Amino acid sequence: MKTFSFLISLLLLLQSCTTAIYRNNINKNDFSAVETGKRYTFYENNKPKYKVRVSAVEDDKIVGVANNQEVTIAKNDIRVIKKNNSKGTTAIVVGSVVGVAGFVALIAALVNNSTSDYYYY
């Protein structure tokens with residue numbers, strides 16, 4: 001059970017480091033946050049998601065490279081664009097591991113240093 005909760009927590013941490021920079025129902029044709037040279041995950045209408053390194057943002061389309069092939073994505077077909085924050089993910093995971101290790105060490109030290117002199121039965 002502990003392993004299962006740890007895996008669920010780790011999955012939530014990794015998902016929390018993904019930022020949606022464009023949503024069709026919120027941003028409505030405002031692609032100003034999409035930068036050339038950066039890698040994004042695109043979700044199109046009725047298509048699977050795929051990761052693209054953007055090479056150009058034009059008036060009606062976004063051009064990029066996915067799996068060593070040039071792709072063109074019509075802006076009208078884009079539902080969501082997400083950007084992964086790998087540095088933030090690494091920082092959160094490392095910080096969590098250090099925090100849990102510190103907590104376990106503190107509890108172990110408290111248990112080892114406690115005596116039964118203070119407990120009355």
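Residues numbered from 1 in each chain as written. Predicted model: local features only at pLDDT ≥ 70, side-chain atom pairs only at ≥ 80, totals over all residues. Heavy atoms only, no water.

Description of the overall build of the protein
(1) Moving on: From N to C terminus, the protein includes three helices and six strands.
(2) Moving on: Overall, the protein shows an N-to-C arrangement of helices and strands of α-β-α-β-β-β-β-β-α.
(3) Moving on: Evaluated residue by residue, the protein yields a buried proportion of 20% over its 121 residues.
(4) Moving on: Here the contacts in the protein between residues at least 6 apart in sequence split such that 45% fall between residues at least 24 apart. (Helix = DSSP H or I, 4+ residues; strand = E, 2+ residues; numbered from the N terminus. Buried < 20%, exposed > 50% of the residue type's maximum accessible area, 1.4 Å probe, protein only. Contact = heavy atoms within 4.5 Å.)

Some points on the pairing of strand β4 (residues 61–66)
(1) Moving on: Sheet topology note: the strand β3 (residues 50–57)/β4 ladder contains four bridges and is antiparallel. Across the sheet, the residue bridging to Arg53 is Val65, located in β4.
(2) Moving on: Between the antiparallel neighbours β3 and β4 lie three residues.
(3) Moving on: Where β4 and strand β5 (residues 69–74) come together, six bridges link them in antiparallel fashion. Of the residues in β5, the one forming a bridge with Gly64 is Val71. (Pairing = 2+ DSSP bridges.)

Notes on the pattern of salt bridges
(1) Moving on: Here the structure, examined in full by the defined rule, presents two salt bridges.
(2) Moving on: Where Lys38 meets Glu35, a salt bridge forms, and the shortest distance between an N and an O atom there is 3.8 Å.
(3) Moving on: The partly exposed category is assigned to Lys38, whose relative accessible area is 32%.
(4) Moving on: With relative accessibility at 40%, the residue Glu35 sits in the partly exposed group.
(5) Moving on: In this structure, Lys61 engages Glu58 in a salt bridge whose closest nitrogen and oxygen atoms are separated by 3.6 Å.
(6) Moving on: Judged by relative accessible area, which is 29%, Lys61 ranks as partly exposed.
(7) Moving on: Judged by its relative accessible area of 35%, Glu58 falls in the partly exposed class. (Salt bridge = Lys/Arg side-chain N within 4 Å of Asp/Glu carboxyl O.)

Looking at a nonpolar patch on the surface
(1) Moving on: Nonpolar side chains collect at one region of the surface, where Val100, Phe103, Val104, Leu106, Ile107, Leu110 and Val111 lie side by side and expose about 680 Å² of accessible area between them.
(2) Moving on: Assignment of secondary structure puts Val111 in helix α3 (residues 86–113). (Patch = residues over 30% accessible without salt bridge, like charges linked within 9 Å, V, L, I, M, F, W, Y side chains within 5 Å. Areas by Shrake-Rupley, 256 points an atom, 1.4 Å probe, with all protein chains shown as cover.)

Some thoughts on the packing of aromatic side chains
(1) Moving on: Under the criterion given, the structure shown has one aromatic pair.
(2) Moving on: With a centroid separation of 6.5 Å and 75° between ring planes, the pair formed by Tyr40 and Phe42 is classed as edge-to-face.
(3) Moving on: Judged by relative accessible area, which is 0%, Phe42 ranks as buried. (Phe/Tyr/Trp six-rings, centres within 6.5 Å; stacked < 30°, edge-to-face > 60°.)

Considerations on the nonpolar core
(1) Moving on: Ranked by internal contacts, the top residues of the largest apolar core, which has 14 residues, are Phe31, Val34, Tyr40, Phe42, Ile62, Ile78 and Ile81.
(2) Moving on: Of all elements in the fold, only β1 (18–23), β2 (39–44), β3, β4, β5 and β6 (78–84) reach the threshold of two or more residues within this core. (Core = buried A, V, L, I, M, F, W, Y, C linked by side-chain atoms within 4.5 Å.)

Description of the confidence of the model for the protein
(1) Moving on: Per-residue pLDDT for the protein averages 77, and the proportion of residues at 70 or more is 74%.
(2) Moving on: Taking the mean pLDDT of every element in the protein, the minimum, 63, falls on helix α1 (residues 2–16) and the maximum, 90, on β4. (pLDDT = per-residue confidence, 0-100.)

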